[in-house]
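Results of the structural survey
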Amino acid sequence: MNSITAVRTVRRRTLRVAAAALVVAAGLTLTACNDSDANASKPAASATHSGADSSTGAKGSGGNGAKGSEAKVGTESAAADEAASPDRTETLEDGSTGEIYELGEQHYRLKIVNDGDVLATFETNGKDAGLDANGMYVVLTMGGEVHSWMGGEHKAPGTFELAGGWTAKVTKVGESHYRAEIIGHGDVMGTMEANGHDAGLDANGVYIVLSTRGVISAHE
């Protein structure tokens, strides 16, 4: 092979290698563009997936699995609670029925039922609870006792004499938010807060309800 032929052979090989490199580079560029185009064509699916991750807890099988288990348990618990029979029932002051469920220590639920319809549900959990049920006042104590009555209302703000010798100083704190200081022998013996939901109290055998509409009532 003469020198001229050798030079031509080297040049051909160089051109072939360069061409192959261009084909590889072009292939990589095309793949990247295709991935980008595919993602761009499915923004809704990506957004939905992100929303699902955020609503089910931390991403990954651990977070999703734990959250899914909790949701399943919660659903089963709620269904079982609906199917469970009350521990006992009582007839309330307006003739409706109070269904009492014992959920745990100092934890009770009261359902107010009339003609098969549940009118209200509330519960204690470490403290007494109360309800202003359209003029019937109900207290559910931490011990699961239920007391209902009608009348004896006082409209806040103001200072009022209650049953049992108690005095209540009721102030408006905000929208649907009232506070009552329960005073005995000149001293504040307790405070009630009706903030978004009514409050109830067993004050040594005197039952008090403070409602979110600023009404306080007590009964012995």
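Please refer to the structure higher up on the page.
Quick caveat, the model's predicted, so the values are computed rather than measured.

**With respect to the environment of H177**
With respect to the secondary-structure elements, H177 resides in strand 11 (residues 177–184). Exposure remark for H177: the relative accessible area of 13% places this residue in the buried category. Residues H177 and L210, 33 residues apart in the sequence, show an inter-C-alpha distance of 10.0 Å. Dropping the residues within four chain positions of it, H177 is found in contact with T171, K172, E193, A194, N195 and T212.

**With respect to the environment of A133**
Along the polypeptide, A133 turns up in strand 5 (residues 129–133). Classification of A133 by relative accessible area gives partly exposed; the value is 22%. Expressed as a C-alpha distance, the spacing of A133 and I112, which sit 21 residues apart in the sequence, is 9.4 Å.

**Quick notes on the pattern of salt bridges**
Oppositely charged side chains can pair when the atoms bearing their charge come close. Under the definition given, this model contains 4 salt bridges. Between E90 and R88 there is a salt bridge; the shortest N-O distance is 3.5 Å. Between R109 and E123 there is a salt bridge, and its shortest N-O distance comes to 2.9 Å. Linking R109 in strand 3 (residues 107–114) with E123 in strand 4 (residues 117–123), this pair joins segments that are 14 residues apart in sequence.

Calculation rules
Residues numbered from 1 in each chain as written. Predicted model: local features only at pLDDT ≥ 70, side-chain atom pairs only at ≥ 80, totals over all residues. Heavy atoms only, no water. Helix = DSSP H or I, 4+ residues; strand = E, 2+ residues; numbered from the N terminus. Buried < 20%, exposed > 50% of the residue type's maximum accessible area, 1.4 Å probe, protein only. Contact = heavy atoms within 4.5 Å. Salt bridge = Lys/Arg side-chain N within 4 Å of Asp/Glu carboxyl O.

Shape is all these values report; function is a separate question.
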